[in-house]
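Chain and residue survey
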Amino acid sequence: TDMPYCVHCGVKLGAGEKKCPLCGVEVHDPLAEASANEARAYPVRTPEQELRHSKFFFLALSCIFFLLPAAVCAVIDLLTNGRLTWSVYPAAALMLLFIAVSVPILAHRFRTYISIVTNFVTLSAYLFMVERLSDTHGWFFPIALPALGLFTLLVGLTTALYRHHRLNKVTLLAVSFVFTGLECFAIETLCDLTLRHAVALSWSPYVTAPCLFVGLILFFINGNRTVREELRRRVHF
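Before going into details, it helps to say that this report is about the structure given with it. (Residues numbered from 1 in each chain as written. Predicted model: local features only at pLDDT ≥ 70, side-chain atom pairs only at ≥ 80, totals over all residues. Heavy atoms only, no water.)

Topic: the overall build of the chain
Just so we agree on the cut-off: Numbering of helices and strands runs from the N terminus, with a helix taken as a DSSP run of H or I at least four residues long and a strand as a DSSP run of E at least two residues long. Burial classes follow relative accessibility: with a 1.4 Å probe on protein chains only, a residue under 20% of its type's maximum area counts as buried, one over 50% as exposed, and anything between as partly exposed. Residue contacts are counted whenever heavy atoms from the two residues lie within 4.5 Å of one another. Areas reported here follow the Shrake-Rupley algorithm with a probe of radius 1.4 Å; residue values treat only the protein chains shown as occluding.
The helix and strand tally for the chain stands at eight helices and zero strands. When its helices and strands are written in sequence order, the chain yields α-α-α-α-α-α-α-α. Among the 237 residues that make up the chain, the fraction classed as buried is 24%. Counted over contacts in the chain with a minimum sequence separation of 6, partners at least 24 positions apart contribute 48%. Accessible area for the chain stands at about 16700 Å²; split by element, carbon and sulfur atoms hold 68% of it.

Focus: the environment of Phe98
Note that Phe98 resides in helix H3 (residues 88–106). Each C-alpha atom of the pair Phe98 and Phe66 lies 5.8 Å from the other, and the pair is 32 residues apart in sequence. If we ignore the near neighbours within four places in the chain, the residues touching Phe98 are Leu59, Ser62, Cys63, Phe66 and Leu67.

Side note on unusual backbone geometry
Even without a glycine there, the phi angle at Phe110 is positive, about 50°. By the element assignment, Phe110 lies in the loop between H3 and helix H4 (111–133). The phi angle at His197 is positive, at roughly 60°, despite the residue not being glycine. Here His197 falls in the exposed class, since its relative accessible area comes to 67%.

Quick word on the packing of aromatic side chains
Keep this limit in mind: Here the aromatic set is Phe, Tyr and Trp, taking the six-membered ring for Trp, and pairing holds for ring centres within 6.5 Å; pairs whose planes are under 30 degrees apart are stacked, those over 60 apart are edge-to-face, and all others are tilted.
The tally for this structure, following the rule as stated, stands at four aromatic pairs. Geometrically, the ring pair formed by Phe57 and Phe58 is edge-to-face, given 5.6 Å between the ring centres and 65° between the ring planes. With relative accessibility at 43%, the residue Phe58 sits in the partly exposed group. Judged by centre distance (5.4 Å) and plane angle (65°), the ring pair of Phe128 and Phe140 falls under edge-to-face. Of this pair, Phe128 sits in helix H4 while Phe140 sits in helix H5 (residues 140–164), placing them 12 residues apart in sequence. A relative accessible area of 4% means that Phe140 is categorised as buried.

A look at helix H6 (residues 169–195)
Convention followed: In this analysis, the expected span of each helix is defined as 1.5 Å times one less than the number of residues it contains. What qualifies as a polar contact is a pair of N or O atoms within 3.5 Å, subject to a donor-acceptor requirement within protein and to the restriction that residues adjacent in sequence count only when both atoms come from side chains.
Here H6 spans 39 Å end to end across 27 residues, near enough to the 39 Å set by a 1.5 Å rise per residue. Capping the start of H6, Asn168 holds a side-chain oxygen 3.3 Å from the backbone nitrogen of Val170, two or three residues further along. Directly beyond the C-terminal end of H6, a positive phi value near 60° is found at His197.

Section: the nonpolar core
Defined as follows: Here the nonpolar core consists of buried residues drawn from Ala, Val, Leu, Ile, Met, Phe, Trp, Tyr and Cys, with membership extended through side-chain atoms lying within 4.5 Å.
Counting five residues, the largest nonpolar core consists of Phe66, Ala70, Ala91, Leu94 and Phe98. At the level of secondary structure, the elements contributing two or more residues to this core comprise helix H2 (47–81) and H3. Take this core: its biggest share by element is three residues, from H3. Leaving out residues up to four positions away in the same chain, Ala70 has contacts with Ala91, Leu94 and Met95.

Side note on the side chain of Thr118
Here Thr118 is to be found in helix H4. For Thr118, a relative accessible area of 11% gives the class buried. Reaching out from Thr118, the side chain makes a polar contact with the backbone oxygen of Ile114 at a distance of 2.6 Å. Aside from chain neighbours lying at most four places away, what touches Thr118 is Ile99, Ala100 and Val103.

What to know about the packing of H4 against H5
Put simply, the test is: Axes here refer to lines fitted to C-alpha atoms; in helices the fit is confined to the stretch in contact. Angles between the N-to-C directions go from 0 to 180 degrees. Each angle is binned into one of four classes, with values under 35 degrees roughly parallel, values over 145 roughly antiparallel, values of 65 to 115 roughly perpendicular, and all other values oblique. For any helix crossing, the convention is left-handed if the near helix is rotated counterclockwise from the far helix by under a right angle, and right-handed if that rotation is clockwise. Under this grouping Gly is polar, as are all residues other than the nonpolar Ala, Val, Leu, Ile, Met, Phe, Trp, Tyr, Cys and Pro and the charged Asp, Glu, Lys and Arg.
For the pair H4 and H5, interaxial distance at closest approach is 10 Å and the crossing angle is 170°. It follows that H4 is roughly antiparallel to H5 by the angle criterion. Considering the relative orientation of H4 and H5, their crossing is right-handed. Tallied by class, the residues present in the contact of H4 with H5 amount to 13 nonpolar, seven polar and two charged.

Remember that the coordinates give geometry; whether it matters functionally is a separate question.
Listed below in structure tokens is the structure:
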């Protein structure tokens, strides 16, 4: 093909030149624009179509990873024992994992919070099933459900504080330590009230006290600008 020339000064231009190297006038090539506007061999998806396509892809992938092994476990159990015995536990766990993964994928808004609530529901359902099928009863509602509910509440509160109030990493870590200590204290308190009908703390203070201490240290570091900047400079945190 012939080399293009500048429309202003007539200088021969190299391939791919955007401006004339002599006078600086922008290069305008109508043939290049026409070729760029030609119909593509394959249609291009819109962002909405790409999002919908990726959702269906992940759902299909989740079915392969979760539901197919659950079905395989159930079939093997039926063929070997004639009824469902051990396969109930892995099959139920895999099906609940499928629900926990697929529901947030289908959500359009508040995906993080929907994921937290879905995980609470599915894990509660699994623990309830384990209690019903086991020889020991009476621990799900007084111990497992309140402890799991408190954990879900603390995770949701931490997420909300980080997302909406823009907490930095030091404060987020401090809040996580404090909430971990509170969760351990609540678990032992629930166990004592259920099993002994009285609070007799034994192991939780050894976990709660260090967590609260580390959390207070991190709150102090975050409140002291000099210490915070020195820590950030040394450990890049």
